[in-house]
Each structure stands twice: as structure tokens, then as C-alpha cells.
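Next come the chains, spelled out residue by residue.
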Amino acid sequence: MKLHLIFVGNKFIYNKALKEYILRKIEQKFDFIDSIVYFKESDNSLFLYLEQELNKTVNILIITSKQNFSTIGKLICTATGDNQVVKDNMLIPQKSEIFNDGSYLINHIDSKINVIRIDEMKNMPEILMKNINKNKKIYLFEEDRESAILLLQPIAQTYDVDIDIVEMIKGWLVINIISKKYGNITKFLSSSKKLLTKKIIDTDDLAYYIIDVLSKNNKKITFAESCTGGLLSYFFTSTNGASKILDGSLITYSNDLKENWLAVGKNSLEKYGAVSDVVVKEMSEGALDVSHADYSLSVSGIAGDGGVTEGKPVGTVYVGIRSKDKHEEIKLNLNGDRNYVQYQSVLYAVKHLLLIDKDMFF
């Protein structure tokens, strides 16, 4: 059943951190959100929209503030012919079958409505709606989307599943597997792994998976970042358990710090420039030396207009990947704004980390 998410309140439009926190919590429980709609407190079209949604076969998750919590309940009661009553010190619709502090669930015809109240600097109450969809997410590397469809679609038909394939970057695909009535995701996955040896990672959270693999193998990683400004470190530290595999990393924007902190040669910087394969090679080497880690990733590039030089336009990025016994440097020509270039750079670094030690990660 589709999930429709409705935010009611100005804070969910303008408070980006609060909104992202709520979305993370929802995405931990549901595979995807089919639609997201925002309403300000003063928007008179909310009632009509709710009335239309309640007549569909959908799951509706309404996020609102404490200030608007009872108003939403009143609108739902008007649309469903119900009355509000006090339960557990909350004024909520009488037909609420399940309720908890700051959250209640209603069944209406073929729909389920879960209303949740949350304000700034508060924990999000429990999502009472259950996810009954049978989905699975996996990652496929070193294949393009067209090839993946040709290879995996026959297996999907055999085991009665649908597949939705999205390209993150070149050579990195996310595949959402949806079980149909007689679907068998386990057998689909087993056959796919046999066909695509050491190319598939079966996990919902890639950062957690990498942390777990490194930890189990008693390995550590470090980073030397320039244009990504800590975003590569954040890819891992935003996940629980990162401290098991990361003692620290370095953000070296200036050439002086590249020299002093990472032992990048002054001659290398003058001859090749900070955005070069030579420099990211020395950055990854310096990071490994100073941290005594087992793997290092380095990034240097031009994410915005300020660093453009002749022959190196915006989107020129070099990534260095290093283990104890091998290293690789790659050049990227990326498109997009500053933030998207930074994000793509991180993904390429993570992808090549996995590929530099396929025996361990796959």
C-alpha cells in the first residue's frame, strides 16, 4: 500500500534539520515514501485534501506540531464522522484503535491514518503504522543500468519479483526488489549473486555494512579531504559504530596544511597543483602514515567557481584510495552545483574503497 506523508506546520518547511530528522526516522521503517506534501498552519485547503486522501486506499502519515495536533484530529473527525475524546491526556478521535504518547492510529475504510506530533529538540514519537510491503534493497557495482536490467529481469520473472534499478553514480546501482504475491526475494538474491560474483552487497545501509566489515576484520580507515570538507567522514560518522573503525581524519583545504599535516611535497603542489593525481596520492599516503589506519581515502577537486584554473573546470575532482599494499588514483569530471559535486565525489571514493579489497567487502 502506498504511503502518503503530510507535514502540517511552518516549522517543517523552514527547519531543515528537524525535517531531515523526521524523514530519517520514517525511512528506517518504510522502504519509500510515495508522496510528500507540506501545509502551513493557515492553509485552508488542508481539510479538502485530507477528505480526498481518506477516500483512497493509502497509508497516511501526518506530522504536525503540538500546537496543531488537536486541530488535525478535529479535521479528521469532521471528514470521518467521528468525535474527539481524551485518551492518555491527548484529545484524539474516538475511533483511534492504537495510541501512544504523541501518536495515534485510525482505520478508515481502506486507509490507515497515523498522526504524530513533534516539536523542535524533541524525540519523535513512535510510528504506529506497520510496513507490510515485502521489499529489499541491494547494491550492485561495476554494471550499468541497461546491463543490469538484461541480466536480472529474467531472474526476477522466475522468482515473481519486481525490480526497480536506480543509478547513483557510474558503476553503482541501487536495486529495490519488490515481492509479488508468490515472490521469493531470497532465491532471487541467491541467483543474482551467483551470476554477478563479487558485485552485489546485500544491505539496507551501506555505511553500516562497511563499518561492520571493517570492524570484524579489525581494520581501520581514515580520510584526507579538501573539496568535500568533511562530507566523506560524515558518510561514516552519521552511522552508529563509526568510532570502531575511525580514529580521525584531516580536512586540508590549504596547500600549507597539505604540506604540514599530510607531508604532501611542496614541489608536487607547485608543479601539478592541489587538484591532481600526484597530490591525492601523497594525501592518501600521508593520511595512512599519520593515522596508522589500514585504508585511506583522499579527495581534492574544484566543487565551486572559486577554484577554477586553466584546464581544470568546476567538477574536476581527484580521488585517492589506498590500502597497506596498493593504491589507486582516479580523475572525475562531474556536473552539478557545489553540493552535488561534493556528494558525487564521496560516492566515488566509497565505491573505490569497496573495489580495492573485493575479497573482504564482497
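Thresholds, definitions, all that
- Residues numbered from 1 in each chain as written.
- Predicted model: local features only at pLDDT ≥ 70, side-chain atom pairs only at ≥ 80, totals over all residues.
- Heavy atoms only, no water.
- Helix = DSSP H or I, 4+ residues; strand = E, 2+ residues; numbered from the N terminus.
- Buried < 20%, exposed > 50% of the residue type's maximum accessible area, 1.4 Å probe, protein only.
- Contact = heavy atoms within 4.5 Å.
- Areas by Shrake-Rupley, 256 points an atom, 1.4 Å probe, with all protein chains shown as cover.
- Lys, Arg positive; Asp, Glu negative; His and termini not counted.
- Charge placed at Lys NZ, Arg CZ, Asp CG, Glu CD.
- Pairing = 2+ DSSP bridges.
- Right-handed = clockwise from strand over helix to strand, strands pointing away.
- Core = buried A, V, L, I, M, F, W, Y, C linked by side-chain atoms within 4.5 Å.
- Axes fitted to C-alpha atoms, helices over the stretch in contact; angles between N-to-C directions.
- Parallel < 35°, antiparallel > 145°, perpendicular 65-115°, else oblique.
- Left-handed = near helix turned anticlockwise from the far one by under 90°.
- Nonpolar A, V, L, I, M, F, W, Y, C, P; charged D, E, K, R; others polar.
- Arc of directions from axis to C-beta.
- Expected span 1.5 Å × (residues − 1).

Visitor: So what's going on with the overall build of the protein? Which residues, and what values?
Guide: When helices and strands are tallied, the protein shows 13 helices and 17 strands. Projected onto the principal axes, the alpha-carbon positions of the protein cover approximately 75 × 50 × 40 Å. Relative to its 362 residues, the protein shows a buried fraction of 49%. Residue pairs in contact within the protein that sit at least 24 positions apart in sequence constitute 62% of those at least 6 positions apart. Total accessible area on the protein stands at roughly 18200 Å², and carbon and sulfur atoms take up 47% of it. With 45 positive and 46 negative side-chain charges, the protein shows a separation of 4 Å between the mean positions of the two kinds.

Visitor: So what about the pairing of strand S13 (residues 221-225)? Which residues, and what values?
Guide: Counting buried residues along S13, five of its five residues qualify, which places the element largely inside the surrounding structure. Because side chains alternate across S13, one face comprises the buried residues Ile221, Phe223 and Glu225, and the other comprises Thr222 and Ala224, equally buried. Pairing geometry for S13 and strand S15 (residues 295-301), over five bridges, is parallel. Pairing of Glu225 across the sheet is with Val299, part of S15. Of the pairings in the sheet, the one linking S13 to strand S14 (residues 250-251) comprises two bridges and is parallel in character. For Ala224, the partnering residue across the bridge sits in S14 and is Leu250. A crossover connection joins S13 to the parallel S14 through helix H8 (residues 231-237); in handedness this β-α-β unit is right-handed.

Visitor: Give a description of the nonpolar core that names residues and reports values.
Guide: In this structure, Trp172, Leu206, Ile210, Leu232, Phe236 and Val350 are the most contacted members of the largest nonpolar core, which totals 43 residues. In terms of residues, this core owes the most to one element, helix H12 (residues 338-356), which gives nine residues. In contact with Val350, other than residues within four places in its own chain, are Trp172, Leu206, Ile210, Leu232, Phe235 and Phe236. Grouped together as the second largest cluster of nonpolar side chains are 20 residues, Val8, Phe39, Val58 and Ile113 included.

Visitor: Which residues make up the packing of helix H5 (residues 145-158) against helix H6 (residues 185-195), and what are the values?
Guide: The geometry of H5 relative to H6 is characterised by a closest axis approach of 10 Å and an angle of 150° between their N-to-C directions. With respect to each other, H5 and H6 are oriented roughly antiparallel. H5 and H6 meet at a crossing whose hand is right-handed. Taken together, the residues of H6 that come into contact with H5 (itself represented by Leu151, Leu152, Ile155 and Ala156) are Phe188, Ser191, Ser192 and Leu195. For the contact of H5 with H6, the residue count by class is six nonpolar, two polar and no charged.

Visitor: Please set out the sheet that holds strand S8 (residues 111-117) residue by residue, giving values where relevant.
Guide: Strand order in the open sheet formed by six strands is S2-S1-S3-S8-S7-S6, with mixed pairing between adjacent strands. One side of each edge strand has no neighbouring strand; the edge strands of this open sheet are strand S2 (35-39) and strand S6 (98-100). Put simply, the sheet's adjacent strands are angled 15° from each other on average, direction ignored. The strands that helix H2 (residues 16-29) touches are strand S1 (2-8), S2 and strand S3 (58-64); relative to S1, the one it contacts most, it runs at about 160°. The sheet contacts of helix H4 (residues 66-80) involve S1, S3, strand S7 (103-108) and S8, and relative to S8 the element is tilted by about 160°.

Visitor: Now, about helix H3 (residues 46-54): what can you tell me, with residues and values included?
Guide: Here H3 has its buried residues at Leu46, Tyr49, Leu50, Glu53 and Leu54. Projected onto a plane normal to the axis of H3, the buried residues spread over an arc of 130° and lie on a single side. The inward-facing, buried residues of H3 contact S1, S2, S3, H4, S7 and S8.

Visitor: I'd love a proper account of helix H11 (residues 277-291), names of residues and values included.
Guide: The terminal C-alpha atoms of H11 lie 21 Å apart, and with 15 residues this matches the ideal 21 Å at 1.5 Å per residue to within 8%. On its buried side, H11 packs onto S13, helix H9 (255-262), helix H10 (266-272), S15, strand S16 (316-322) and strand S17 (327-333). Of the residues trailing H11, His292 is marked for its positive phi of about 60°.

Visitor: Residues and numbers for the sheet that holds strand S10 (residues 161-169), please.
Guide: Reading across the sheet, the four strands line up as S10-S11-S9-S12 and stay open at both edges, with antiparallel pairing between neighbours. The open sheet has two edge strands, S10 and strand S12 (200-201), and neither has a second partner. Looking at chain direction, strand S9 (residues 135-141) and S12 are connected through two bridges and run antiparallel. Pairing of Leu140 across the sheet is with Ile200, part of S12. The sheet contacts of H5 involve S9, S10 and strand S11 (172-179), and relative to S10 the element is tilted by about 160°.

The values reported here are purely geometric and, on their own, carry no functional implication.
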